[in-house]
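The chain contents come next:
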Amino acid sequence: QLQLVESGGGLVQYGDSLRLSCVASGNPLDYYAIGWFRQAPGKERERISCIASTGERTDSLEGRFTISKDKEKNTVYLQMSNLRPEDTAEYYCAGYVGYWCSGVVDYWGQGMQVTVSS
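The rules behind each value
Numbers given for residues are sequential positions, taken from 1 along each chain in its written order. Residues qualify for local features only when their pLDDT is at least 70, as the model is predicted, and side-chain atom pairs are given and counted only at 80 or more; totals for whole chains, interfaces and linings, by contrast, use all residues. As a convention, hydrogens and water are excluded, and side-chain values are obtained from all of the structure's heavy atoms. Numbered from the N terminus, helices here are DSSP runs of H or I no shorter than four residues, and strands are runs of E no shorter than two. Think of it in three bands: residues with accessible area under 20% of the maximum for their type are buried, residues over 50% are exposed, and the middle band is partly exposed, with areas taken using a 1.4 Å probe on protein chains only. In what follows, residue pairs with any heavy atoms lying within 4.5 Å of each other are defined as contacts. All accessible-area figures derive from a Shrake-Rupley calculation using a 1.4 Å probe, and residue coverage is judged against the displayed protein chains alone. Asp and Glu are treated as the negative residues and Lys and Arg as the positive ones, with His and the ends of the chain left uncounted. For charged residues, the charge sits on one atom: NZ in Lys, CZ in Arg, CG in Asp, CD in Glu. Ring geometry is summarised as follows: Phe, Tyr and Trp rings, the Trp one being its six-membered ring, pair when their centres sit within 6.5 Å, and such pairs are stacked at plane angles under 30 degrees, edge-to-face over 60 and tilted between the two. Paired strands, in this sense, are two strands between which DSSP finds at least two bridges. All axes here are fitted lines through C-alpha atoms, helices being fitted over the stretch that makes contact, and every angle between N-to-C directions spans 0 to 180 degrees.

*Asks:* Help me understand the overall build of the protein chain in this model?
*Replies:* Along the backbone of the protein chain there are zero helices and 11 strands. Along the protein chain, from the amino end to the carboxyl end, the secondary structure elements read β-β-β-β-β-β-β-β-β-β-β. Taken along its principal axes, the extent of the C-alpha atoms in the protein chain is 40 × 30 × 25 Å. Counting over 118 residues, the protein chain shows a buried share of 44%. Across the protein chain, the fraction of contacts at a sequence separation of at least 24, relative to all contacts at a separation of at least 6, is 57%. Working note: accessible area of the protein chain is about 6200 Å², and carbon and sulfur atoms make up 47% of it. Averaging the coordinates of the 11 positive side-chain charges in the protein chain and doing the same for the 14 negative ones gives two points 2 Å apart.

*Asks:* Explain the packing of aromatic side chains here, please?
*Replies:* Centre-to-centre distance and the angle between the planes together describe a pair of aromatic rings. Following the criterion strictly, the structure yields four aromatic pairs and no others. Consider the rings of Tyr 32 and Tyr 107, whose centres lie 6.1 Å apart with planes at 80°: the pair is edge-to-face. Of the two residues, Tyr 32 is situated in strand 4 (residues 32-39) and Tyr 107 in strand 10 (residues 107-108); the sequence distance between them amounts to 75 residues. Using a relative accessible area of 7% as the deciding quantity, one classes Tyr 32 as buried. When the ring of Phe 37 is compared with that of Trp 108, the centres are 4.9 Å apart and the planes differ by 65°; the resulting orientation is edge-to-face. Of the two residues, Phe 37 is situated in strand 4 and Trp 108 in strand 10; the sequence distance between them amounts to 71 residues. Phe 37 gets classed as buried once you look at its relative accessible area, which sits at 9%. Through successive ring pairs, a cluster of aromatic residues spans Phe 37, Tyr 92 and Trp 108.

*Asks:* Which parts of the structure should I look at to understand the sheet that holds strand 1 (residues 3-7)?
*Replies:* Strands belonging to one sheet form pairs held by backbone hydrogen bonds; the direction of such a pair is parallel or antiparallel. An order of 1-3-8-7 is seen for the four strands of this open sheet, with the pairing classed as antiparallel. Strand pairing shows two members of the sheet lacking a second neighbour, strand 1 and strand 7 (65-70), which therefore form its edges. Here the strands of the sheet are splayed against their neighbours by 20° on average, with no regard to which way each runs. As defined by bridge partners, strand 1 adjoins strand 3 (residues 18-25) across five bridges and the pair is classed as antiparallel. Residue Glu 6 lies in a different strand from strand 3, and its bridge partner there is Cys 22.

So, in structure tokens, the structure goes:
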């Protein structure tokens with residue numbers, strides 16, 4: 001069992017930076033890969049980035065979004081820069097059992113709104 005709680009979202013302006021946090025509890029992150037997803041209005045949920053349990057990272061948004069992990073705090077972060085209105089979405093962190101960011105998501109956070117004004 002893994003619980004994931006997001007924080008750090010809110011309303012920002014075009015060009016701002018924001019850091020989202022995902023605090024995991026129930027089990028250490030050593031046994032999970034953690035991804036960040038978002039779902040914008042009228043669009044399907046998409047994965048932004050993911051970090052394997054080993055620390056290997058993949059990013060899907062040309063480097064504007066960077067995932068990182070603090071093992072001691074059992075927390076995964078998403079650092080977002082140069083935000084645009086099209087980044088407005090509900091953001092989720094998600095856990096995969098095992099080392100890699102592959103397969104079906106096993107655990108979801110509750111979701112958190114990020115709104116970027118123009």
